[in-house]
Amino acid sequence: MRVNPDTDAVARRLRKGMVNGVLSFPLTSFHDDGSLDPDGFRAYVADRIATGPGAVFPACGTGEFFSLDEDEYRQVVTITVEEAAGRVPVVAGTGYGWAQAARFARIAEEAGADALLVLPHYLVAAPQDGLVAQLEQIAARTRLPLIAYQRGQVAFTVASAKRIAGIPTVIGLKDGHSDLDRLQRLTLAAPEDFLFFNGAATAEIQARAYATVGVPAYSSAVHAFAPEIANAFFTAFQGGDDGTVDKLLRDFYVPLVELRDRVPGYAVSLVKAAARLRGTPVGPVRAPLTDPSAADLDALEQLLTTGLDLVGAAL
């Protein structure tokens, strides 16, 4: 196994970033015909980075990793690394089976990414030994540090979490299950320097709950279209401003989740639609996702206006 001597340094940078800003998961820009829009993506990701996230995660779930071919993936990660210019860590997505994940990992490594988020494997259920072996196989084929992502068919036991934490280049775990009993057990069993991230859909809704089990860092889909709202929430949350947190949750985040839950895939397509409403060059989603209906777009625009008003910003 090749071990990156900078693994600890990457983990330290991520830990510092988690305290200083939200974790940004940028959208991937497409033209109206569905082809990749590199220039649009460059402008978009540069704007996200300028708002001060703790780290940026290109080509992950929000970035429609599942729909990118290898050349498109290379362009997305390369552009992100260029625009970040070392200011924030760049953690690229990878996934599918370990052989495919390793190919994407090599591309991310060549593009200059700092680390990888290992998305859940494709299709099949697997035993705990297999979940651990998946990460071992990927780790053996890249120098980059890895963050495991448990959601869907991937859920680590305490014993398995200890095993993956023992892989030299696995530095953290992102959780999308929101099983706080299990998560508390994992955080207590893991090494002190192991990183944990709240990866629940619209993670701000559960930020308080995750923080109670020692996981205050979270990914923000809202940052992809309204960094003003995402940053205002983060500042209030970090500062213990419960009044502002409650107001943003009640008047913006909860209604957003209710709208998101209307249609499968809205966790991405609503985010992209909201970015388009603000004139951001991100284009449509790719199949199998679909863009929101006209009625849902109207509701989204009203909600976005409300959220921006709450933080003193404009559509």
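Located above this text is the structure these notes cover.
Rules of the game
Residues numbered from 1 in each chain as written. Predicted model: local features only at pLDDT ≥ 70, side-chain atom pairs only at ≥ 80, totals over all residues. Heavy atoms only, no water. Core = buried A, V, L, I, M, F, W, Y, C linked by side-chain atoms within 4.5 Å. Buried < 20%, exposed > 50% of the residue type's maximum accessible area, 1.4 Å probe, protein only. Helix = DSSP H or I, 4+ residues; strand = E, 2+ residues; numbered from the N terminus. Contact = heavy atoms within 4.5 Å. Right-handed = clockwise from strand over helix to strand, strands pointing away. Pairing = 2+ DSSP bridges. Axes fitted to C-alpha atoms, helices over the stretch in contact; angles between N-to-C directions. Left-handed = near helix turned anticlockwise from the far one by under 90°. Nonpolar A, V, L, I, M, F, W, Y, C, P; charged D, E, K, R; others polar. Expected span 1.5 Å × (residues − 1). Salt bridge = Lys/Arg side-chain N within 4 Å of Asp/Glu carboxyl O. Arc of directions from axis to C-beta.

Focus: the nonpolar core
Formed by 107 residues in total, the largest nonpolar core has its most connected members in Phe57, Tyr73, Leu117, Val222, Phe225 and Phe233. Of all the elements, helix H10 (residues 242–260) adds the most residues to this core, at seven residues. Filtering out sequence-adjacent residues up to four positions away, Leu117 remains in contact with Phe25, Phe57, Cys60, Val91, Ala92, Gly93, Thr94, Ile147, Ala148, Tyr149 and Lys174.

Focus: the pairing of strand S4 (residues 115–118)
Burial along S4 is two-sided: Ala115 and Leu117 facing one way and Leu116 and Val118 facing the other are all buried. Each parallel crossover has a hand, and for strand S3 (residues 91–94) linked through helix H4 (residues 98–111) to S4 it is right-handed. Note: S4 against strand S5 (residues 146–150), three bridges, orientation parallel. Bridge pairing in S5 places Leu116 opposite Leu146. For the crossover that starts at S4, traverses helix H5 (residues 128–139) and ends in the parallel S5, the hand is right-handed.

As for the packing of helix H9 (residues 227–239) against H10
For the pair H9 and H10, interaxial distance at closest approach is 9 Å and the crossing angle is 145°. The two elements H9 and H10 meet at a crossing, and its hand is left-handed. Every residue of H10 that contacts H9 at Ile229, Ala230, Ala232, Phe233, Ala236 and Phe237 is listed here: Thr244, Val245, Leu248, Leu249, Phe252 and Tyr253. Within the contact of H9 with H10, the residues separate by chemical class into 11 nonpolar, one polar and no charged.

What to know about the sheet that holds S3
Paired through backbone hydrogen bonds, the strands of a sheet run either parallel or antiparallel to each other. Read from one edge of the open sheet, five strands run S3-S4-S5-S6-S7, paired in parallel fashion. Looking along the sheet, the strands with just one partner apiece sit at the ends: S3 and strand S7 (195–198). For this sheet, the mean angle separating the axes of adjacent strands, direction not counted, is 25°. With five bridges connecting them, S5 and strand S6 (residues 170–175) associate as parallel partners. When the bridges of S6 are listed, Ala148 appears paired with Leu173.

Describing unusual backbone geometry
Generally, phi is negative for residues other than glycine and the peptide bonds are trans, each holding for most cases. The linkage connecting Ala287 with the following residue, Pro288, adopts the cis geometry, with an omega of 15°. With a phi close to 55°, Ala59 is a non-glycine residue in the positive phi region. Along the chain, Ala59 turns up in the loop between strand S2 (55–56) and helix H3 (70–84).

Regarding the sheet that holds strand S8 (residues 219–220)
Spatial strand order, S2-S1-S8: three strands in an open sheet with parallel pairing. With one partner strand each, in any of the chains shown, S2 and S8 form the two edges of the open sheet. Looking at chain direction, strand S1 (residues 23–24) and S8 are connected through two bridges and run parallel. Note that in S8 the partner of Ser24 across the bridge is Ser220.

Describing helix H11 (residues 266–277)
The end-to-end C-alpha distance of H11 is 15 Å, a good match for the 16 Å that 12 residues give at a rise of 1.5 Å each. Here H11 has its buried residues at Tyr266, Val268, Ser269, Leu270, Val271, Lys272, Ala273, Ala274 and Ala275. Phi turns positive, to about 80°, at Gly279, one or two residues after H11.

Description of the pattern of salt bridges
Here the structure, examined in full by the defined rule, presents 18 salt bridges. For Asp179, the salt bridge goes to Arg182, with nearest N and O atoms at 4.0 Å. Shared partners join several salt bridges into a network, and the residues in it are Arg42, Glu82 and Glu83.

As for the environment of Val213
The topology assignment puts Val213 in the loop between helix H8 (207–212) and S8. With 27 residues separating them along the chain, Val213 and Leu186 place their C-alpha atoms 9.7 Å apart.

Looking at the environment of Gly130
Looking at the element boundaries, Gly130 is found in helix H5. For Gly130 and Ser160, which are 30 residues apart along the polypeptide, the C-alpha to C-alpha distance reads 10.0 Å.

Overview of helix H7 (residues 180–189)
Count 3.6 residues to each turn of an α-helix, and residues three or four apart come out pointing the same way. Buried residues of H7: Leu183, Leu186 and Thr187, and no others. Summarising the axial view, the buried residues of H7 lie within an arc of 95°, below the 170-degree limit, and thus occupy one face.

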